[in-house]
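Remarks on the overall topology
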Amino acid sequence: MRFAMFISLLRPIGPVIIGVSLGFTLSLLSVNWVEETCVLDGKASEEIRLAQDGNSKGARRPNSISTVDAEEDFEPRIVPYKPVQQSQTKQLFRAKYISTELGIRQRLFVGIMTSKSTINTLGVAVNRTISHHLDTVVFFTGMRNRKVPHGMFVVTHGDERLIWNIFQTIKYILEHYIHEYDWFYLAQDDTYTEADRIQQLVDHLSIDRELYMGSPEEFIGGEMEGRYCYGGFGYLLSRTLLLRLKPFLENCRNDILSARPDEWLGRCIIDYANTNCVAEHEGLQYYHYEMGKNSDPSKVKNVQFNNAFTVHPVSDPEQMYRLHKHFTEIELRRTYDEIEKLQAEIKNVSKVAFDGNRSAQWPVGINPTFEPKSRFEVIRWDYFTEEQVYSCIDGSPKCELRGIDRLDVADVIERAMGELNKKYKPVLHLKKQQLINGYRRFDPTRGMEYTLDLQLEVVNQKGRSRSITKRVHLVRPLSRIEIIPMPYVTEATRVHVILPLTFQERGAVNHFLEVFATNLFETSDNAILTLLFIYDPFEAQQVNQNDIFTSVKAQINAYERKYPAVKILWISVKTETPSQIKFMDIISKKHPVDTLFFITNVNTNVNSEFLNRCRMNSINNWQVFFPIHFQDYNPDIAFHNQEPPPTVDLVKDAGHFDRSSFEEACFYNSDYMVTRTRMASDVQENEEIMETLDIYDMFVRYSTLHVFRAVEPALHQKYHYQACNPQLSEDIYHRCVQSNLDGLGSRSQLAMLLFEHEQGNST
């Protein structure tokens, strides 16, 4: 009874007792039972001081005691502050191209083995037949002439030994191109390569295979096992294979002896990469054809020949071009057949579509017609006949059909007749009698559209004929857009602005210099202004007593004082008949060949925006630029009975782009000098040609450069009347007259002015 009572009293505090006991037990277990002395002298005190000073890296022991001698003065130690030096952040390197940063490689590299004796013949022929189909074509040769053929990238090894050349070629590829391409195709310059087929082959091959593909051949003598790829038909090497071969390339050069470069490479690949040449891989075949001596490609009737990737041997460049013509025609026929199959397939599929055949656009495979969202987006149809067109560039209601437009209409009619006869033969034969109506428009989404109403004579098989009218629709579709590579240009080029000035133009110089200083001098634009003072013989004789340009020279001095960093140049010229070419002959000799010129007019407002476009559109040894400025209309007509605004906007009622003016020009001095040299022979025969041509005509007639002419909104010219010189050529004189007429006002403004004048006379 007592025991049960005791248990009942102990039960509430039992857990507490157990917890205290367990804690006490664990604390005893953690105590170090080794007895240590507490004496402060001797080694014990030293150990304590060491522990105090922090020389011990471990934690203090539980039974250790730290004491400080009271007799010693405690001297605080000042720890100097040392700022934490931040590690310099590494500058992040970003690749120039996304493909480089992502590790994307191009598919195919092509190397052509050539020689000093054949690079200018067969080498050039190979380059012309494959270079525009492939991204990279490099020619490897032992020795070469001093002059390299134009448009070819040639690597010279400096030795004519064949084995040395192939070794150096593989080494060069490993050093320069191994990280940029997946496949490497090597061939000789007497091998014709169907570039598109090689490209299609590598597009279907896996890049991680060690592949050695070509025309397999047994080694001479048959002693060595395996096969090498015959070099005459070319061969493909994978990037993976070349990387495996790279460490052993020197061993191959020292250990392998062979008389043929293709055998040497094959033995090297077999010995160190354990890979044989194959003609078939994963169902893909490497087709080739051996060409007979003096064979005519057009007469070879052979399926293997028509399917070949490479043809060898090619004896001369003419045969190379014949082969290229033959294979190009084959590919063209195959392309047309494929287009017809796709069109038929689209038609068949469209029959089961929701809208039936209406869902298929015409022509099949061409983008649908542009659908305007509002009446302002409706594309206008232009009406034409075989002789006239009723939408002219100058705004006239009707003008003669000539030039490229006439050729375009004739070609469209011929194509229409060809398609009609192709459709109705042999039942009917159609002959064109006349074009009744013709309509055309340019649709930016699909191309040029034509609608023709033709009057035809229809003749049946029995010889009976009758006249009918047939409407035909045609489309000249847009081809694939091609990016044309252009040389690199920069906006940092200095522009030399040339301003020819006559006696009659002195009054406008003040405004020109004021605008030029505001736009260019104050912004420190990289431009130099040169004034060309033009004197006639009488004015030149009196220049010491009465200089007609004294006031202009005073203004030049004033601007130079206002802008100390600016130097305005001027040149005096005496002539009876002002001519752009004569002036430029003088200026050209006073400047380096890399000078960029801009010839301007005293009424033109020049600004930095235009000068940047002058720099970008003028490319040395490639392109010259002739901008079309925006000229204000005569304010008395454009703002009749109104106050003209202080600034004129670029709107059709305020002015127009003067297409009759060719005064402004941007070009490099070197391009001018080359073109002027080509013109010299004609000048010797006829000296008057200097006065009958301007710089635009000179570049068009005598240079091979691109003559780029475009409207330039940043080039603004106020209205002025030009004094046309009848001593210049008839074309230049008529351009000047036409420019004056076009600058009066728009047709609606002139018509309204004429209407008011007639109304006033009638009243």
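The structure contained in this document is the topic of the report that follows. Bear in mind that the values here come from a model prediction, so they are computed numbers and not experimental data.

**Some remarks on the pattern of salt bridges**
Applying the stated rule across the entire model yields 32 salt bridges. When the shortest N-O distance is used, the salt bridge between Glu-218 and Arg-227 registers 3.7 Å. Residue Arg-227 is classed as partly exposed on the basis of its relative accessible area of 39%. Between Asp-408 and Arg-476 there is a salt bridge; the shortest N-O distance is 2.9 Å. Of the two residues, Asp-408 is situated in helix H13 (residues 404-424) and Arg-476 in strand E19 (residues 465-477); the sequence distance between them amounts to 68 residues. According to the relative accessible area criterion, Asp-408 is buried, its value standing at 16%. Residue Arg-476 is classed as partly exposed on the basis of its relative accessible area, which comes to 34%. One network of salt bridges, with partners in common, ties together Asp-405, Asp-408, Asp-411, Arg-415, Arg-440 and Arg-476.

**Some words on the pairing of E19**
Judged from the 13 bridges that link them, strand E18 (residues 447-460) and E19 form a sheet pairing that is antiparallel. Each residue of the ladder has a partner; that of Leu-452, found in E19, is Val-472. Turn length for the E18-E19 hairpin, with the two strands adjacent in sequence and antiparallel, is four residues, and the turn residue Gly-463 shows positive phi of about 90 degrees.

**A few points about the state of the cysteines**
Per the counting criterion, the structure on display carries five disulfides. Across the disulfide, Cys-229 is cross-linked to Cys-277 (sulfur-sulfur distance 2.0 Å). Disulfide Cys-229 to Cys-277: torsion about the S-S bond roughly 95 degrees, handedness right-handed. One end of the pair, Cys-229, is in strand E8 (residues 227-229); the other, Cys-277, is in the loop between helix H10 (261-273) and strand E10 (280-281), with 48 residues separating them in the sequence.

**Comments concerning the packing of aromatic side chains**
For the structure shown, the criterion picks out 36 aromatic pairs. Geometrically, the ring pair formed by Tyr-535 and Phe-549 is edge-to-face, given 5.1 Å between the ring centres and 90 degrees between the ring planes. With a gap of 14 residues between them, Tyr-535 in strand E21 (residues 527-535) and Phe-549 in the loop between helix H15 (537-541) and helix H16 (550-562) connect regions that are remote in the sequence. For the residue pair Tyr-535 and Phe-549, the accessibility class agrees, reading buried in each case. Taken together, a centroid distance of 5.9 Å and an interplanar angle of 25 degrees make the contact between Phe-667 and Tyr-672 stacked. Both residues of the pair, Phe-667 and Tyr-672, belong to the buried class. Cluster of aromatic residues (ring-pair linked, three or more members): Phe-597, Phe-626, Phe-662, Phe-667, Tyr-672, Tyr-696 and Phe-699. Of note, Arg-735 hangs over the ring of Phe-662, and the distance from its end group to the ring centre comes to 4.4 Å.

**Regarding the environment of Ser-608**
Along the chain, the position of Ser-608 falls in helix H18 (residues 608-617). A relative accessible area of 27% means that Ser-608 is categorised as partly exposed. Sequence-wise, Ser-608 and Leu-520 are 88 residues apart; in three dimensions their C-alpha atoms are separated by 6.4 Å. Leave out the neighbours within four places in its chain, and Ser-608 touches Leu-520 and Asp-525.

**Quick word on the side chain of Arg-440**
Here Arg-440 lies in strand E17 (residues 428-443). Arg-440 gets classed as buried once you look at its relative accessible area, which sits at 9%. A polar atom in the side chain of Arg-440 sits 3.4 Å from the side chain of Asp-405. Here the side chain of Arg-440 touches Asp-408 through a polar contact of 3.1 Å, side chain to side chain. In this view, Arg-440 contacts Arg-380, Trp-381, Asp-382, Phe-384, Val-389, Asp-405, Asp-408, Met-448, Glu-449 and Tyr-450; residues no more than four positions away in its chain are not counted.

**Regarding the packing of helix H6 (residues 162-176) against H10**
The interhelical angle for the contact between H6 and H10, taken along N-to-C directions, is 50 degrees, at an axis separation of 8 Å. Accordingly, the angle class assigned to the pair H6 and H10 is oblique. H10 is crossed by H6, and the crossing has right-handed handedness. Taking contact as the criterion, the partners of Leu-162, Ile-163, Ile-166, Phe-167 and Ile-170 in H6 are, on H10, Pro-261, Trp-264 and Leu-265. Considering only residue class, the contact of H6 with H10 consists of eight nonpolar, no polar and no charged.

Rules and cut-offs
- Residues numbered from 1 in each chain as written.
- Predicted model: local features only at pLDDT ≥ 70, side-chain atom pairs only at ≥ 80, totals over all residues.
- Heavy atoms only, no water.
- Salt bridge = Lys/Arg side-chain N within 4 Å of Asp/Glu carboxyl O.
- Buried < 20%, exposed > 50% of the residue type's maximum accessible area, 1.4 Å probe, protein only.
- Helix = DSSP H or I, 4+ residues; strand = E, 2+ residues; numbered from the N terminus.
- Pairing = 2+ DSSP bridges.
- Disulfide = S-S within 2.5 Å.
- Phe/Tyr/Trp six-rings, centres within 6.5 Å; stacked < 30°, edge-to-face > 60°.
- Lys NZ or Arg CZ within 6 Å of the ring centre and 35° of its normal.
- Contact = heavy atoms within 4.5 Å.
- Polar contact = N/O pair within 3.5 Å; in protein donor to acceptor, adjacent residues only side chain to side chain.
- Axes fitted to C-alpha atoms, helices over the stretch in contact; angles between N-to-C directions.
- Parallel < 35°, antiparallel > 145°, perpendicular 65-115°, else oblique.
- Left-handed = near helix turned anticlockwise from the far one by under 90°.
- Nonpolar A, V, L, I, M, F, W, Y, C, P; charged D, E, K, R; others polar.

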